There are 4 protein chains.
Amino acid sequence: MAVKVDLNSDLGESFGAYTIGMDEEVIKLVSSANIACGFHASDPVVMRRTVEHAVAAGIGIGAHPGYYDLMGFGRRNMNISPAEAYAYVTYQLGALSAFCTQQGAKIDHVKPHGALYNMAGKDYELAKGICQAVYDFDPKIILLGLSGSQMIKAGADIGLCCANEFFADRAYEDDGSLRARTKEGAMIEDENEAIERVVKVVKTGKVTTYTGNELDLKIDSICVHGDNVHALEFVKLIRSRLAEEGVEIASLSKVLG
Amino acid sequence: MAVKVDLNSDLGESFGAYTIGMDEEVIKLVSSANIACGFHASDPVVMRRTVEHAVAAGIGIGAHPGYYDLMGFGRRNMNISPAEAYAYVTYQLGALSAFCTQQGAKIDHVKPHGALYNMAGKDYELAKGICQAVYDFDPKIILLGLSGSQMIKAGADIGLCCANEFFADRAYEDDGSLRARTKEGAMIEDENEAIERVVKVVKTGKVTTYTGNELDLKIDSICVHGDNVHALEFVKLIRSRLAEEGVEIASLSKVLG
Amino acid sequence: MAVKVDLNSDLGESFGAYTIGMDEEVIKLVSSANIACGFHASDPVVMRRTVEHAVAAGIGIGAHPGYYDLMGFGRRNMNISPAEAYAYVTYQLGALSAFCTQQGAKIDHVKPHGALYNMAGKDYELAKGICQAVYDFDPKIILLGLSGSQMIKAGADIGLCCANEFFADRAYEDDGSLRARTKEGAMIEDENEAIERVVKVVKTGKVTTYTGNELDLKIDSICVHGDNVHALEFVKLIRSRLAEEGVEIASLSKVLG
Amino acid sequence: MAVKVDLNSDLGESFGAYTIGMDEEVIKLVSSANIACGFHASDPVVMRRTVEHAVAAGIGIGAHPGYYDLMGFGRRNMNISPAEAYAYVTYQLGALSAFCTQQGAKIDHVKPHGALYNMAGKDYELAKGICQAVYDFDPKIILLGLSGSQMIKAGADIGLCCANEFFADRAYEDDGSLRARTKEGAMIEDENEAIERVVKVVKTGKVTTYTGNELDLKIDSICVHGDNVHALEFVKLIRSRLAEEGVEIASLSKVLG
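On a predicted model such as this, the values are computed, not experimentally measured, just so you know.

Let us look at the overall build of chain A. Helix and strand counts for chain A come out as 9 helices and 10 strands. For chain A, whose C-alpha radius of gyration is 17 Å, the value lies close to the compact-globule estimate of 18 Å for 257 residues. The principal-axis extent of the C-alpha atoms belonging to chain A is close to 45 × 35 × 35 Å. Sorting the 257 residues of chain A into buried and exposed places 59% on the buried side. When contacts within chain A are restricted to residue pairs at least 6 apart in sequence, long-range pairs at least 24 apart make up 71% of them. Summed over all atoms, the accessible surface of chain A reaches about 9,800 Å², with 50% contributed by carbon and sulfur. Charge-centre separation for chain A: the mean point of 25 positive side chains lies 2 Å from the mean point of 35 negative side chains.

Residue and element names in this part refer to chain B. Per the counting criterion, the structure on display carries 2 cavities of 30 Å³ or more. By volume, the largest cavity amounts to about 1,100 Å³. Tallied by class, the residues present in the lining of the largest cavity amount to 30 nonpolar, 7 polar and 8 charged. Quantified by volume, the second largest cavity comes out at close to 30 Å³. If you trace the second largest cavity, you find it lined by G66, I80, A85, Y88, V89, Q92, L116 and I130. In terms of residue count, helix α3 (residues 82-102) provides more of the lining of the second largest cavity than any other element does, 4 residues in total. The residue makeup of the lining of the second largest cavity, split by class, is 6 nonpolar, 2 polar and no charged.

At an RMSD of 0.0 Å, chain D and chain C line up after a rotation of 180° and a shift of 0.0 Å along the axis. Taken together, the rotation and translation relating the two chain copies correspond to the operation of a two-fold axis. Here 100% of the contact residues of chain D are again contact residues in chain C; the copies associate through an equivalent surface.

Contacts between chain D and chain C engage 23 residues on the former and 24 residues on the latter. Between chain D and chain C lies a buried interface of about 2,000 Å² when both sides are counted; carbon and sulfur atoms form 70% of it. Three residues, P44(D), Y91(D) and Q102(D), lead the burial of chain D against chain C; their summed loss comes to 33% of the area buried on that side. Counting across the interface, chain D meets chain C through 0 salt bridges. In this assembly, chain D and chain C are joined by 8 residue pairs in polar contact (both at pLDDT 80 or more).

Moving on to the nonpolar core. Judged by nonpolar contacts, the single largest core of 356 residues is most densely connected at L96(A) and L96(C). In this structure L96(C) touches I35(C), C37(C), M47(C), V51(C), I61(C), G62(C), A63(C) and I107(C), once residues within four positions along its chain are discounted.

Take the relation of the copies chain C and chain A next. Between chain C and chain A, which share one sequence, the superposing operator has a rotation angle of 180° and an axial displacement of 0.0 Å; the RMSD is 0.0 Å. Both copies share a contact surface, since 94% of the interface residues of chain C are interface residues in chain A too.

Turning next to the environment of I141(D). Residue and element names in this part refer to chain D. By the secondary structure assignment, I141 is in the loop between α5 (124-137) and β5 (142-146). With a relative accessible area of 1%, I141 lands in the buried category. In this structure the C-alpha to C-alpha distance between I141 and K106, which are 35 residues apart in sequence, comes to 9.2 Å.

What follows deals with the interface of chain C and chain A. At the junction of the two partners, chain C supplies 16 residues and chain A supplies 15 residues. Contact with chain A buries area across many residues of chain C, yet F15(C), Y18(C) and M71(C) alone supply 56% of it, more than any other trio. Counting across the chain C and chain A interface gives 0 salt bridges. Counting every contact that joins chain C to chain A gives 2 residue pairs in polar contact (both at pLDDT 80 or more).

The subject of this paragraph is the pattern of salt bridges. Counted according to the given criterion, the structure contains 68 salt bridges over all chains. Measuring nitrogen to oxygen at the nearest pair gives 3.6 Å for the salt bridge that ties E233(A) to K236(A). Separated by 3 residues within a single helix, E233(A) and K236(A) lie in helix α8 (residues 229-244), roughly one turn from each other. We note a salt bridge from K140(D) to D138(D), for which the minimum N-O separation is 3.8 Å. A relative accessible area of 66% places K140(D) in the exposed class. Its relative accessible area of 10% is what places D138(D) among the buried residues.

Mean pLDDT over chain A stands at 96; residues scoring 70 or higher make up 100%. Interface confidence in the predicted complex, given as ipTM, is 0.96; pTM for the same model is 0.97.

All names here are of chain B. At a minimum axis separation of 8 Å, helix α5 (residues 124-137) and helix α6 (residues 150-158) run at an interaxial angle of 45°. Between α5 and α6, the crossing angle belongs to the class labelled oblique. Classified by chirality, the crossing of α6 by α5 is right-handed. On α6, the residues that touch Y124, A127, K128, C131, Q132 and Y135 of α5 are Q150, M151, K153, A154, G155, D157 and I158. The residue inventory of the contact of α5 with α6, partitioned by class, reads 7 nonpolar, 3 polar and 3 charged.

Take the side chain of D6(D) next. Residues and elements named next belong to chain D. One can find D6 in strand β1 (residues 4-11). Polar side-chain contacts of D6 include one of 2.6 Å to the side chain of S31. For D6, the residues in contact, after removing those within four places along its chain, are S31, S32, D220, S221, I222, A250, S251, L252 and V255.

Time to look at helix α3 (residues 82-102) of chain A. Residue and element names in this part refer to chain A. An ideal rise of 1.5 Å per residue puts 30 Å on 21 residues; α3 measures up with 30 Å between its terminal C-alpha atoms. Within α3, 18 of the 21 residues are buried, leaving the element largely enclosed by the surrounding structure. At the exit of α3 stands G104, carrying a positive phi of roughly 70°.

Note on terminology: a disulfide is the covalent bond linking the sulfur atoms of two cysteines. Residue and element names in this part refer to chain C. Tallied over the entire structure, the rule returns 0 disulfides over all chains. Not part of a disulfide, C162 finds its nearest cysteine sulfur in C131, a span of 6.6 Å. Overall, C162 belongs to the buried group, its relative accessible area being 17%.

A separate point is the packing of aromatic side chains. For the structure shown, the criterion picks out 32 aromatic pairs over all chains. Note on Y18(A) and Y18(C): the rings are 5.4 Å apart at their centroids and 45° apart in plane angle, and the pair reads as tilted. With Y18(A) in the loop between β1 (4-11) and α1 (23-26) and Y18(C) in the loop between β1 (4-11) and α1 (23-26), the pair connects residues from two separate chains. Judged by its relative accessible area of 1%, Y18(A) falls in the buried class. Between the aromatic rings of F73(B) and Y18(D), the centroid separation amounts to 5.8 Å while the plane-to-plane angle is 80°, which identifies the pairing as edge-to-face. Taken together, the residues span two chains, with F73(B) in the loop between β3 (60-64) and α3 and Y18(D) in the loop between β1 and α1 (23-26). Both residues of the pair, F73(B) and Y18(D), belong to the buried class. By the ring-pair criterion, three or more aromatic residues cluster together here, those being F39(A), Y68(A), Y88(A), Y91(A), F39(B), Y68(B), Y88(B) and Y91(B).

A few words now on α6(B). Residues and elements named next belong to chain B. By the burial criterion, the buried members of α6 are M151, I152, A154, G155 and I158. Down the axis of α6, the sector holding all buried residues measures 160°, keeping them to one side. Buried residues along α6 sit against α4 (114-122), α5, β5 (142-146) and β6 (161-167). In the segment just after α6, G159 is the residue with positive phi, at about 115°.

All right, on to the pairing of β5(B) then. Residues and elements named next belong to chain B. When you tally the buried positions in β5, you get 5 out of 5 residues, the bulk of the element. With 2 bridges joining them, strand β4 (residues 109-110) and β5 adopt parallel strand pairing. Looking at β5, one finds that H109 is bridged to I142.

Each value, and the rule that gives it
Residues numbered from 1 in each chain as written. Chains lettered and ligands numbered in written order. Predicted model: local features only at pLDDT ≥ 70, side-chain atom pairs only at ≥ 80, totals over all residues. Heavy atoms only, no water. Helix = DSSP H or I, 4+ residues; strand = E, 2+ residues; numbered from the N terminus. Rg over C-alpha atoms; globule rule 2.2 N^0.38 Å. Buried < 20%, exposed > 50% of the residue type's maximum accessible area, 1.4 Å probe, protein only. Contact = heavy atoms within 4.5 Å. Areas by Shrake-Rupley, 256 points an atom, 1.4 Å probe, with all protein chains shown as cover. Lys, Arg positive; Asp, Glu negative; His and termini not counted. Charge placed at Lys NZ, Arg CZ, Asp CG, Glu CD. 1 Å grid on protein atoms, 1.4 Å probe; cavity = no way out; pocket = protein on both sides within 12 Å on 5 of 7 lines; lining within 4 Å. Points joined across faces, edges and corners; volume = space filled by probe spheres on them. Nonpolar A, V, L, I, M, F, W, Y, C, P; charged D, E, K, R; others polar. Least-squares fit on C-alpha atoms with pLDDT ≥ 70 in both. Buried area = accessible area lost by both parts, 1.4 Å probe. Salt bridge = Lys/Arg side-chain N within 4 Å of Asp/Glu carboxyl O. Polar contact = N/O pair within 3.5 Å; in protein donor to acceptor, adjacent residues only side chain to side chain. Core = buried A, V, L, I, M, F, W, Y, C linked by side-chain atoms within 4.5 Å. pLDDT = per-residue confidence, 0-100. Axes fitted to C-alpha atoms, helices over the stretch in contact; angles between N-to-C directions. Parallel < 35°, antiparallel > 145°, perpendicular 65-115°, else oblique. Left-handed = near helix turned anticlockwise from the far one by under 90°. Expected span 1.5 Å × (residues − 1). Disulfide = S-S within 2.5 Å. Phe/Tyr/Trp six-rings, centres within 6.5 Å; stacked < 30°, edge-to-face > 60°. Arc of directions from axis to C-beta. Pairing = 2+ DSSP bridges.

If you want it as structure tokens, here you go:
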């Protein structure tokens, strides 16, 4: 059976008169969409349209809940309680879910956005607030998070099916965490190197860490971007290299199934 | 079989550190709650708590979507398109629905709030945007609106089950519309008169209009308020008078069933 | 002495991670900037940067207050009271003014945005709320509005110095109002025609109305846009034609002085 | 000459249909008002009214800028940059200042709110962003902060006149910091003890720390609350005890002058 991997990308981040992202292009290249839910980006009109496009493209639909910080695009850490996280994620999940229901679709996965993703990756209690909200809403929804993070741990503890995400352009530490952006060598600048890392981790389950060690890493999805023409080209390169290697691009439920 | 009528009240209008309404008191006195959904009032933490209370009280749960105007409490007319209304109502419905789902409950009805209620009562196209969103989300949800309004007309045209609301403290014109607040005699100031009007419309289906005519009015629900001690007393008076008359207070699905 | 006219454009409409407008290009081509104040567009970081750019370019600085409707970009009518308009305009004026003060500059003019501009153009009481706020804050600030509108009337009645704006791409009715966008012939589609209308109204104070009559119109400023490359080209064409005709581009205070 | 001290209280925290605080009562009992500026609380209509009341009462007017987090009432830490803090504080200062200008008044002091106060008390760079914004807007504005905090240090370094605030109901550590709320004994529960601590620190410049040491603390202002009847009674007790001791209640500029 062919090795499978999911390609996920953030979609539907436009807001009112403001446009972000080349959604129409990137939607053709990925197998899962993380759709913004109106807190850090998007609005109800954009959400409806984005769900329509994702349904038409036949890709997996994910909720992409974030902090209630449109001005900061959800990228700034905020000190919210687990109970607040539970309520905020439920609200966003439900809102997106309604647009799916109207179009005969369902939410396949949840991937928290930006600072919420990062904080929940390190804070088990915050992560539990998020994951419990997802589980209580629909226990069949897949949690997409950073491999080895507290969020994946909390999701598994609560009973969610968890999918591990890989970042092609980031260096990894020996413990499986992402090397902090503030440190030297945090970013994989060379595109070919980044792509070969993707191929390797998908096919062999191994990544070379910053210190040069080989780390076991079970990977279900690769995070890609559609902000600009260059990013789109990179996604195309990943797709063609994976195809060469006989790796099938498939949505999360098929990768995990 | 006993005559039945629903008593509905707006609940869950607090926001963050701000409190509005005596929810714990009024929830014991009504059969349906219109729960704010975060646009004109409320926040996710308040919504979760309010759904819990409504479920515990065993009353009907309604979504109370409004304009995205927290500063004006959704009371100011805004010129939104039917497509925007569709998306905004879907978003709010879905958000509230998720809290219901988590607690094993369902949304029974939808009653638009404030200026959205008033504008959709007069603007058929706007009302259709709202009602289509409700229908596409769940065609079994009941639309609660002003008897004889464009909103009720749109709801019926689309196929929603519609419930007619009566305002105890407002005068009616001969065409069944509410007498405008700017006109003399718009408000029924005398409490006893207001209560007797309720009893009459529930039992006989007739209301005396401002000009003194008798108007046929099919009524399913009475709108009551829980903002202050006085309002609560008024609800208690209505309840005891209806009990004296053998009228049963029941949630919308039972009244309409 | 040369005939003078101001060219004004909306600037600083970006918000957080979202970008709108080619500010760096258009700022070189106009004599007055209408700077968004955070209600319908912009945020404090964008406002600071935009004021810096306007000060560096030496152009007139205007406040561009709008409805508190970021999701609708201030383009949707909202039913606010004159007292609310007073407070909202004061708030936005003050916020922009603080960035000017920090950089040794002052607010030269105020031009309400979008739906607020349109509604105040027709509603004298609303316009008075806006103009009184401006006057009470600084009576030397110039009001920029549609020639012949209720807003200009209210501004003059209150004692503000008023500047009349001309729209190059819009047809005018015989009473001096803009022909409604919903009507045939509302837009001047031909660029050359639009430019010649500008030249004529600036030099002769006359515009040909939709019905073919010649209307007297005293004009102080032309509204231009910088949203895209095509719009910028149009501004350059206007500038060169005005230069050919010996018309000087100057900021409002110089045009009115 | 009599010993003087300022009593400051947060005012104008209502928002739209929501009311917080007994402003009309507390305004008679304090010498300085910290007026919310629309980010963590308040709206332009409330700000205008609050400035009117403060001007009428003849008390010192302070800006009370906070995080842009109405849902959390500005009490949740947010990770903003010093440049963002600069812009956010400028925006709020300017907005409040415009209402003062309209009424012939000026901003006397600035006291950051809630989480911004706490974070800037510990983070010198954040505090510098705030203080530089104040200084660049008007170098005569007084900074009101926690005695010994990084905010006071930053304010002094930048050239602002700084006033030290004392919390009657909080225990102090030996280094002059507030004992963390999470620790035992953080709150001074006994009202009489709290009042005697105020009298002592005002008259002698000394406070007994949690460990029992005597700490030198120069105090200019006491923070009091007006949220409820009990809080108001406490303010009255402080006033009468200070009067007994011959201490004069005066606004910050008089205390510092």
